[in-house]
Amino acid sequence: MKVIKRDGRVVDYDRMKIILAMRKANDEVPVHDQITDKKMEDIEHLISNTERTQIQVEEIQDLIEHSLVREQKYELAKKYIIYRYKHALVRKANTTDESILSLIRNDNKELAEENSNKNTLLASTQRDYIAGEVSRDLTKRVLLPDKIVQAHESGAIHFHDADYFLQPIFNCCLIHIGDMLDHGTVINGKLIETPKSFRVACTVTTQIIASVASNQYGGQSVDLIHLGKYLRYSREKFQKKAQRELGESFSKDQIAQVVSMWTKEELQAGVQTMQYQINTLMTTNGQSPFVTLFLHIDEQDPYVEENALIIEEVFRQRYQGIKNEKGVYVTPAFPKLVYVLDDHNCLKGGKYDYLTKLAAKCSAKRMYPDYISAKKMRENYEGNVFSCMGCRSFLSPWKDENGNYKFEGRFNQGVVSINLPQIALLAKGEEASFWRLLEERLELCFEALMCRHRALLGVKSDTSPIHWQYGAIARLQKGEVIDRLLQNGYSTLSLGYIGVYEATMLMRHCSHTKPEGREFALQLMQYLRKTVDKWKLETKLGFALYGTPAESLCYRFAKIDKKRFGDVKDVTDKGYYTNSYHVDVREQIDAFAKLTFESSFQNLSSGGAISLVEIPNMKHNLEALESAIRYIYDNIQYAEFNTKSDYCQCCGYDGEILINDDFEWECPQCGNKDHSKMNVVRRTCGYLGENFWNEGKTKEIRSRVIHL
């Protein structure tokens, strides 16, 4: 028999631990309240003869207490309960010392690899991680119910961002950048008035981004459509200046050429300001702002031509890259770019196809932008097109008191994810058990998400003026609580999920790309969506189903389950679980078939969904890339591209990264061994986790993708 510990570990049943615990309690009571060694043996036999393969440690202790009460040894039962309580207190003692010291010593591997955008050697990053460890400790010991903590530790669910739960802040948002630019804002107690030029608008935008990022823990998205009017302001200013200074000696055509030149210089300088400031500013959490720029050509926009010029310049500068410390142009980590495909730019003869061709070149060299199909998005979101939040989650449609849709100035309260493969492993292929367990786990997720909601209730706008008082989210009064922004679907609460593929393999013994597997997978997704919709209806809160892109969670769940269940073919033996409903990387499926298959799940996962397509040698295969872009527009809401080539950030080398004699990655051009400055593509089986020892006791390497 195996015993499941409170932290999720599975150990062999040890009868002597049961006997010793009872003896310790026995020694603390008078002789007439003690039980004999024979009775202790009988109680232990009661436990060991339960004919169960696994038992929770709490269940063992409950059986002992009940047995002592049946023997009418009430004083002894009381001592045992006290003994049990003291041990619970010891377990709840502060556990941050070693984790913090290991961070300072720089030998905390888990933290070092948790976020490739954070350098744990930096003092500013260490300060954020130290605060995070304290928050995580208090969250587990004090703030969350024990059953939620135990479910998280055992890998049943994942309570995201526990390192920030202590603070009254939220996950990610769509910054209401248009309102902040048009009506001014306040940063660090200083009034920032409406910009009068494009370059100043770009500077103010990046200052807003940095301030917002420092007061929340997730990503932010900014719609660049709001900068179009400021580029026109600059052009009009240059027109007046040229007319005033050159009007008597230059012709109209010559003046127009000068104005165009000045405007182009302004455009280049403004976009460069955004790119360099975003990559050089450091937020209070020890990294560059985790920001996404939303690039959308809206033909109804009065500044559509200026907006097209801005998007073109963004692509040109992203294609060029940004210089690293050695002066080599490399791909910047931020900002992320999301580009909208519509009738006029989907490479079918539209007016703005030239922008999409430039986007394709940019994707081939720099991995961005991601692509959103306006056509599919309108089908899924009541005719609206809007940006995902920085964490790639989407808001639900919401109307203000005037019946107008609103997306900017809204946010996500937090995320909890469910481990679907673990449910299937416990069900052992029995459908009834699977659905019963799924319902139980979803109830845990609901309780955990409500903990996130309740943690934000009563928070006052003074906690983050840039969000609540000066326009990023709202313009509340000082001292006003934010409660109304948490309710009636204004903000979201996200249920994430991992491993539809593995759950299907366990329940139907085939991939969800097969007809019988697809039937189960869709049934599972529909059940998740129905549950979330029920929560939303009952609570009037914005619950949403979110295909989380949290890659590290795919490894965490798989690692926990492998320890508990051992190697299970096509499930735990891979070392990773597939993200959300994605097709497993080992399946032989072409890009178009993958997009078509995954598109049938995206509309169910309206709170967030993304599909990844790999195209070999994108730099030399633009025609295939453009074909895939056209296909995205007609078939799937949101997708991004990856390429099957390695890349070194230090020197720009884009050949194969070597594995040296010490089993480290090494760039053959510059000798770089820092994995955070490399993009190494998937090898052989697609495993993205740690190194391991194979059966022959020789070390093998399975590469880990670092998204930069």
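Each value, and the rule that gives it
Residues numbered from 1 in each chain as written. Predicted model: local features only at pLDDT ≥ 70, side-chain atom pairs only at ≥ 80, totals over all residues. Heavy atoms only, no water. 1 Å grid on protein atoms, 1.4 Å probe; cavity = no way out; pocket = protein on both sides within 12 Å on 5 of 7 lines; lining within 4 Å. Points joined across faces, edges and corners; volume = space filled by probe spheres on them. Helix = DSSP H or I, 4+ residues; strand = E, 2+ residues; numbered from the N terminus. Nonpolar A, V, L, I, M, F, W, Y, C, P; charged D, E, K, R; others polar. Phe/Tyr/Trp six-rings, centres within 6.5 Å; stacked < 30°, edge-to-face > 60°. Buried < 20%, exposed > 50% of the residue type's maximum accessible area, 1.4 Å probe, protein only. Pairing = 2+ DSSP bridges. Axes fitted to C-alpha atoms, helices over the stretch in contact; angles between N-to-C directions. Contact = heavy atoms within 4.5 Å. Polar contact = N/O pair within 3.5 Å; in protein donor to acceptor, adjacent residues only side chain to side chain. Right-handed = clockwise from strand over helix to strand, strands pointing away.

Draft legend 1. Seen up close, empty space enclosed by the protein. The final tally for this structure, using the stated rule, is three cavities of 30 Å³ or more. One number sums up the size of the largest cavity: a volume of about 80 Å³. Counting only elements with at least two residues in the lining of the largest cavity, the list comes to α12 (252-280) and α13 (304-320). Grouping the amino acids of the lining of the largest cavity by side-chain chemistry returns six nonpolar, two polar and one charged.

Draft legend 2. Examining the packing of aromatic side chains more closely. Taken as a whole and assessed by the stated rule, the structure comprises 29 aromatic pairs. Each ring, one from Phe386 and one from Phe407, has its centre 3.8 Å from the other, and the planes form 10 degrees; the classification is stacked. Taken together, the residues Phe386 in the loop between α15 (374-380) and β14 (412-419) and Phe407 in the loop between α15 and β14 connect sequence positions 21 residues apart. Across the pair, Phe407 and Phe386 agree in class, each one buried. Ring centres of Trp435 and Phe520 lie 5.8 Å apart, and the angle between their planes is 50 degrees; this geometry places the pair in the tilted category. Of this pair, Trp435 sits in helix α17 (residues 431-456) while Phe520 sits in helix α20 (residues 515-539), placing them 85 residues apart in sequence.

Draft legend 3. How the structure looks around the sheet that holds strand β16 (residues 542-546). Pairing within the open sheet is mixed, and its four strands lie in the order β4-β14-β15-β16. Because the sheet does not close on itself, it has two edges, and the strands there are β4 (157-159) and β16. Neighbour-to-neighbour, the strand axes of the sheet open up by a mean angle of 25 degrees, direction not taken into account. As judged from the three bridges shared by β4 and β14, these two strands associate in the antiparallel manner. Counted as the bridge partner of His158 is Ser417 from β14. On top of the sheet, helix α16 (residues 420-427) reaches β14 and β15 (492-498); it is set at about 30 degrees to β14, its chief contact.

Draft legend 4. Geometry of the environment of Thr492. Along the polypeptide, Thr492 turns up in strand β15. A C-alpha to C-alpha distance of 6.6 Å links Thr492 and Leu395, two positions 97 residues apart in sequence. Once residues within four sequence positions are removed from consideration, Thr492 is found in contact with Met389, Phe394, Leu395, Ser396, Phe411, Asn412, Gln413, Gly414 and Gly542. Of note is the side chain of Thr492, whose polar atom sits 2.8 Å from the side chain of Asn412.

Draft legend 5. Up close: the pairing of strand β13 (residues 370-373). Because side chains alternate across β13, one face comprises the buried residues Asp370 and Ile372, and the other comprises Tyr371 and Ser373, equally buried. Of the strand pairs in this sheet, strand β12 (residues 336-341) and β13 are connected by four bridges, and their pairing is parallel. Note on β13: the bridge partner recorded for Leu341 is Ser373. In this fold, β12 hands off to helix α14 (residues 353-366), which returns the chain to β13; that crossover is right-handed.

Draft legend 6. A look at the side chain of Ser605. By the element assignment, Ser605 lies in the loop between α22 (591-602) and β17 (611-615). Accessibility expressed as a relative area gives 1% for Ser605, which makes it buried. For Ser605, the side chain forms a polar contact with the main-chain oxygen of Gly608, separated by 2.8 Å. The contacts of Ser605, once residues within four sequence positions are left out, are Tyr497, Met525, Leu545, Tyr546, Gly547 and Tyr581.

Draft legend 7. Highlighting unusual backbone geometry. Here the residue pair Tyr368 and Pro369 is connected by a cis peptide bond, since its omega of 20 degrees sits within 30 degrees of zero. Note that Pro369 resides in the loop between α14 and β13. Although it is not a glycine, Asn188 adopts a positive phi angle of roughly 55 degrees. As for its position among the elements, Asn188 is in the loop between β6 (185-187) and β7 (190-192). Here Asn188 falls in the exposed class, since its relative accessible area comes to 68%. Look at Asp570: it is not a glycine, yet its phi comes out positive at around 65 degrees. On the secondary structure map, Asp570 appears in the loop between α21 (551-565) and α22. Take Asp570: its relative accessible area is 16%, and that puts it in the buried class.

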